[in-house]
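# Tertiary structure, described
The chain contents come next:
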Amino acid sequence: MRLLAVSSVDVDGVLLLLKIGFLGLLYLFIWRIVRTASKDLRLPQESFILAPQQAEAAGLRKRSSPPMGRLVVVKSPVLEVKSEYVLDSAGISIGRGSQNTVALDDDEFASASHARVEPRQDGVWLEDAGSTNGTYLNGVKLSRPRKLTPGDLVRVGETDFRFDR
Amino acid sequence: MTLRNRELVNLFVVAVITGLGFASVYIARQEVVSTASLSYALFFFGLYVAAHAVARLTVPHADPYLLPLTGLLTAFGVTEIYRLDPDNAFRQGLWIVVGVAAFSATLILLRHDFRRLESYKYIFGVTAIGLLILPALPLIGQTVNGARLWVKAGPLQFQPGELAKIFLIVFLAGYLREKREVLAQGRLKDFGPLLAIWGAAMLVLVETNDLGSALLYFGIFLAMLYVATAKPWFAGAGMVLFVAGAAVVYQLVSRVETRVTIWLHPWTDEKVFCAQTGGLALRQECDSYQLVKSLYSIGNGGFGGKGLGKGTFSNSGGDPLIPYLNTDFIYSALAQELGLIGIAALMLVFMLFCLRGFRIALLAQDGFSKLLALGLTFGFALQTFIIVGGVLRVIPLTGITLPFVSYGGSSVVANFILLAGLLLVSNRANATANIPMEGRP
């Protein structure tokens, strides 16, 4: 508690030093983060905008996106066998209920929102959307999202899909 | 260095900065402030290390800068609140503890998959509207400063609008992801929801008498709509609608009109009618007293500031000259004490927070996460702009909190939940992406 004893001139000096320290460290901290942020700018950029066609027109997204793939119905009590669902950037949702891309209306083993297939930067991924009976990939129940490879069999309720390029 | 270790190092730097800030308030005001003041800095470091530990367990791949930046913002706030009134700083400290608890709870609850929130989007939407209506209800609703934004239940008093903001963003992220293709076609019949939300924003404006909240909610909606549909003219049309609606409300609600008059003409040469006293007075002595005094104090701070603990104007009784200095006007208190150089640093910290948030939105892989991260960050940015712009007389002033800095419990807790949301999206994006991340060799 020796600070209390110093004269007022010294207090001003100490305060000035503290202020310089406070601001100096603050700006150093900011500079550090800005520097890492400028490194990020050199990474491949993606657009905020979700709709791919317009983004493409605006030159925001690379034009030659590879074909993402499709789901072909192999066996189903409700869908026609061999019908196809083409994957777009929005992904495909599967479940009982018309809000899904693939609506499995009378399949009693499917949940309202059952599974989702979506393209990501490194490929197409399958993931369970919190279904009651689970989603199966090549006969194995899904515990975490999995990357799909062409020829994979996806089972939702009593419906089987094959993933093709 | 792993992302979480980087976070810990940054938190340590923030703790040192906080310590320096507290020390200078302590030395400048030793006649009022107790020796316990420095323990605040230590206490905060401990609190953020606890938050960091929860993040380490639940979101190991999340952005390493957001938590330290938040720490810095709350430190700025608590230092200044402490300087104005140590008792309030104690309460604010308690609210930050509650905020960190809410942050941890959000992370722990949603650590497996936050995207299941999407299935409950309508529940979030309805709850958000319910929360917005709460202050308008008799008995529990409270009018503070002419704006009806508060709810009082027993000893608890809170602003449900802060939480409603986050619920609204979750709802919009789910709703727009589902409907974006239909909306992007731009058929007239699909504009029902857009008009409904515009109507709701106008209703909030009339109901609460508060231009700032209406602008905030509607701005978040427009930004997310633009991102979902990629149609700039949607956002343009929305803004025109908002301005048109606000112009009508301006005619109808005298409080909004007063706010605009204060903004355009804060000084008068002749005495005008003053509603507060019922007599005649110069406007700078009456309606625009707060704003004008705040502008003087920002000017008084100059380039280098008066120094932490030495700056703000007070009346002969020792109380701050400007009413609501620790909430709406904390920006001007900080500007006076830290000067342009210090307040610019604070604004840079806000910008960095937004930069990290937008980066998370860029990296997020699926529509819901992208919209959620963007909405949360944009809401944070717009709220900062509305209050700082209001204090600096860029736009009409409305009482809204400066996120993480202003004194106020609901705001602190809601913003910690917002932070948890951003970290969850970031964790998922970084964990699934195979692109090179900074921090990895």
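This one's a predicted model, so the numbers in the text were calculated from it and none came from an experiment. (Residues numbered from 1 in each chain as written. Chains lettered and ligands numbered in written order. Predicted model: local features only at pLDDT ≥ 70, side-chain atom pairs only at ≥ 80, totals over all residues. Heavy atoms only, no water.)

### A few points about the overall build of chain A
Which entries qualify depends on this criterion: Secondary structure follows DSSP: runs of H or I at least 4 residues long count as helices, runs of E at least 2 residues long count as strands, and numbering of each begins at the N terminus. Each residue gets one of three labels from its accessible area relative to the maximum for its type: buried under 20%, exposed over 50%, partly exposed in between, using a 1.4 Å probe on protein chains only. For this analysis, residues touch if any pair of their heavy atoms sits within 4.5 Å.
Looking only at helices and strands, chain A features two helices and eleven strands. For chain A, the N- to C-terminal ordering of α and β elements is α-α-β-β-β-β-β-β-β-β-β-β-β. Sorting the 165 residues of chain A into buried and exposed places 41% on the buried side. Summarising the internal contacts of chain A: among those between residues at least 6 apart in sequence, 34% fall at separations of at least 24.

### Structural notes on the pattern of salt bridges
Here is the rule we go by: Throughout this description, the term salt bridge denotes a Lys or Arg side-chain nitrogen within 4 Å of a carboxyl oxygen of Asp or Glu.
Scanning all chains against the criterion turns up 17 salt bridges over all chains. The structure contains a network of salt bridges with shared partners spanning Glu118 and Glu127 of chain A together with Asp113, Arg115, Asp366 and Arg428 of chain B.

### A look at the sheet that holds strand S5 (residues 115-120) of chain A
Remark on secondary structure: sheet strands pair via backbone hydrogen bonds, oriented parallel or antiparallel. All names here are of chain A. How we decide: In this description, strands pair whenever DSSP reports at least two bridges between them.
Strand order in the open sheet formed by five strands is S4-S3-S5-S6-S9, with mixed pairing between adjacent strands. Bordering the open sheet on either side are strand S4 (102-103) and strand S9 (146-147), each of which pairs with just one other strand. Examined bridge by bridge, S5 and strand S6 (residues 123-128) share six bridges and lie antiparallel to one another. Bridge pairing in S6 places Glu118 opposite Trp125.

### Remarks on the interface of chain A and chain B
Often, the extent of an interface is quoted as the loss of accessible area upon association of its parts. The condition is simple: Under this definition, polar contacts are N or O atom pairs within 3.5 Å; protein pairs additionally need one hydrogen-donor-capable and one acceptor-capable atom, and for neighbouring residues in sequence, both atoms have to be side-chain atoms. Classes in brief: Ala, Val, Leu, Ile, Met, Phe, Trp, Tyr, Cys and Pro nonpolar; Asp, Glu, Lys and Arg charged; the others, Gly included, polar.
Taken together, the contacts link 43 residues of chain A with 66 residues of chain B. Linking Glu127 of chain A and Arg115 of chain B is a salt bridge whose minimum nitrogen-to-oxygen distance equals 2.1 Å. Applying the counting rule to chain A against chain B returns nine residue pairs in polar contact (both at pLDDT 80 or more). Considered class by class, the residues forming the side of chain A that touches chain B number 24 nonpolar, eight polar and eleven charged.

### A look at a negative patch on the surface
Let me state the cut-off plainly: Residues enter patches when they are more than 30% accessible in relative terms and free of salt bridges; like-charged ones are connected within 9 Å and nonpolar ones (Val, Leu, Ile, Met, Phe, Trp, Tyr) within 5 Å. Surface accessibility in these figures is a Shrake-Rupley result with a 1.4 Å probe; residues are shielded only by whichever protein chains are displayed. Neither His nor the chain termini are counted; the positive set is Lys and Arg, and the negative set is Asp and Glu. Note that the charge is assigned to NZ on lysines, CZ on arginines, CG on aspartates and CD on glutamates.
Taken together, the side chains of Asp105, Asp106, Glu108 and Glu158 of chain A present a region of like negative charge at the surface. Inspection of the secondary structure assignment puts Asp106 of chain A in the loop between S4 and S5.

### Side note on the sheet that holds strand S7 (residues 135-137) of chain A
Residues and elements named next belong to chain A. On the basis of which strands lie adjacent, the open sheet formed by six strands has the order S2-S1-S11-S10-S7-S8 and antiparallel pairing. Each having just a single partner strand, strand S2 (84-86) and strand S8 (140-141) make up the two edges of the open sheet. Two strands pair when backbone bridges link them, and S7 and S8 are joined in this way by two bridges, in the antiparallel orientation. Counterpart to Leu137 in the pairing with S8 is Val140.

### Let's talk about the pairing of strand S10 (residues 153-156) of chain A
All names here are of chain A. Alternating positions in S10 separate cleanly, Val154 and Val156 being buried on one face and Leu153 and Arg155 remaining unburied on the opposite face. Direction of pairing for S7 relative to S10: antiparallel, over a ladder of three bridges. Within S10, the position partnered with Tyr136 by the bridge is Arg155. Two elements, S10 and strand S11 (residues 159-164), share four bridges in a ladder whose sense is antiparallel. Considered in S11, the bridge of Arg155 is made with Asp160. In this antiparallel pair of consecutive strands, S10 and S11, the connection spans two residues, and Gly157 shows a positive phi of 60°.

### Topic: the confidence of the model for chain A
All names here are of chain A. The condition that has to hold: The score called pLDDT rates the predictor's confidence residue by residue, from a low of 0 to a high of 100.
Scored by pLDDT, chain A comes out at a mean of 77, with 78% of its residues at no less than 70. Taken as a whole, residues 1-6 scores under 50 in pLDDT and shows five contacts with residues more than four places along the chain or in a different chain. Below a pLDDT of 50 lies the segment residues 53-65, which in the model reaches 15 contacts outside its immediate sequence neighbourhood of four places, other chains included.

### Some words on the packing of aromatic side chains
Two aromatic rings are characterised by how far apart their centres lie and by the angle between their planes. Residues and elements named next belong to chain B. The cut-off we apply is this: The rule is short: rings of Phe, Tyr and Trp, with Trp giving its six-membered ring, pair when the centres are within 6.5 Å, and they are stacked under 30 degrees, edge-to-face over 60, tilted in between.
Across all of its chains, the model carries 18 aromatic pairs over all chains by this definition. With 5.5 Å between their ring centres and 25° between their planes, Phe171 and Tyr175 make a pair best called stacked. Of this pair, Phe171 and Tyr175 both sit in helix H6 (residues 160-184), four residues apart, roughly one helical turn. Site record: aromatic cluster; members linked through ring pairs are Tyr48, Phe103, Phe350, Phe353, Phe380, Phe404 and Phe416.

### Brief notes about helix H5 (residues 121-133) of chain B
Think of an α-helix as turning once every 3.6 residues; residues three or four places apart then point the same way. All names here are of chain B. For clarity, the cut-off: Between the first and last residue of a helix there are one fewer steps than residues, each counted as 1.5 Å, and that sum is the expected span. Think of it as the arc spanned by the lines of direction from the helix axis to the C-beta atoms.
Given a rise of 1.5 Å per residue, 13 residues ought to cover 18 Å, and the 19 Å separating the end C-alpha atoms of H5 matches this to within 8%. All buried positions along H5 are accounted for by Lys121, Phe124, Gly125, Ala128, Leu131 and Leu132. On an axial view of H5, the arc spanned by its buried residues comes to 130°, and they lie on one face. Facing away from the buried side of H5, by more than 90 degrees, are the exposed residues Ile123 and Val126.

### Focus on empty space enclosed by the protein
Residues and elements named next belong to chain B. The test is simple: Cavity: a set of points on a 1 Å grid over the protein atoms alone where a 1.4 Å probe fits but cannot get out. Pocket: an open set with protein on both sides within 12 Å along at least five of seven lines, its lining residues, like those of a cavity, having an atom within 4 Å of a point. Grid points are joined across faces, edges and corners, and a volume is the space filled by probe spheres set on the points.
Counted by the stated rule, this structure contains six cavities of 30 Å³ or more. By volume, the largest cavity amounts to about 90 Å³. What lines the largest cavity is simply Leu11, Val14, Ala15, Thr18, Ala41, Phe44, Phe45, Tyr48, Gly71, Thr74 and Ala75. Counting residues per element, the ones that place at least two in the lining of the largest cavity are helix H1 (3-28), helix H2 (37-58) and helix H3 (66-84). Considering only residue class, the lining of the largest cavity consists of eight nonpolar, three polar and no charged.

### Brief notes about the packing of helix H12 (residues 330-363) of chain B against helix H14 (residues 409-432) of chain B
Residues and elements named next belong to chain B. For clarity, the cut-off: Only the stretch in contact is used when a helix axis is fitted, and all axes are lines through C-alpha atoms; the angle between N-to-C directions ranges over 0 to 180 degrees. Geometric relationships in this document are graded by angle, where less than 35 degrees denotes roughly parallel, more than 145 denotes roughly antiparallel, 65 to 115 denotes roughly perpendicular, and other angles denote oblique. Left-handed is the label given to a crossing in which the near helix is rotated counterclockwise from the far helix by less than a right angle, and right-handed is the label when the rotation is clockwise.
Running from N to C, H12 and H14 cross one another at 40°; their axes reach a closest spacing of 9 Å. As far as their axial angle goes, H14 and H12 are oblique. For the pair H12 and H14, the crossing hand works out as left-handed. In this structure, H12 uses Phe353, Gly357, Ile360 and Leu363 to contact H14, whose residues at the interface are Leu418, Leu419, Leu422, Val425, Ser426, Ala429 and Asn430. A breakdown of the residues in the contact of H12 with H14 according to their chemical character gives eight nonpolar, three polar and no charged.

### Some remarks on the confidence of the model for chain B
Residues and elements named next belong to chain B. The share of residues in chain B with pLDDT of 70 or more is 89%, and the mean pLDDT across the chain is 83. Averaged over each element, pLDDT in chain B is lowest for strand S2 (residues 147-153) (67) and highest for helix H13 (residues 367-391) (93). Considering only residues more than four positions removed or in separate chains, one finds that residues 434-441, a stretch of pLDDT under 50, has 18 contacts. The ipTM, which scores confidence in the relative placement of chains, is 0.82 for this predicted complex, and the corresponding pTM is 0.78.

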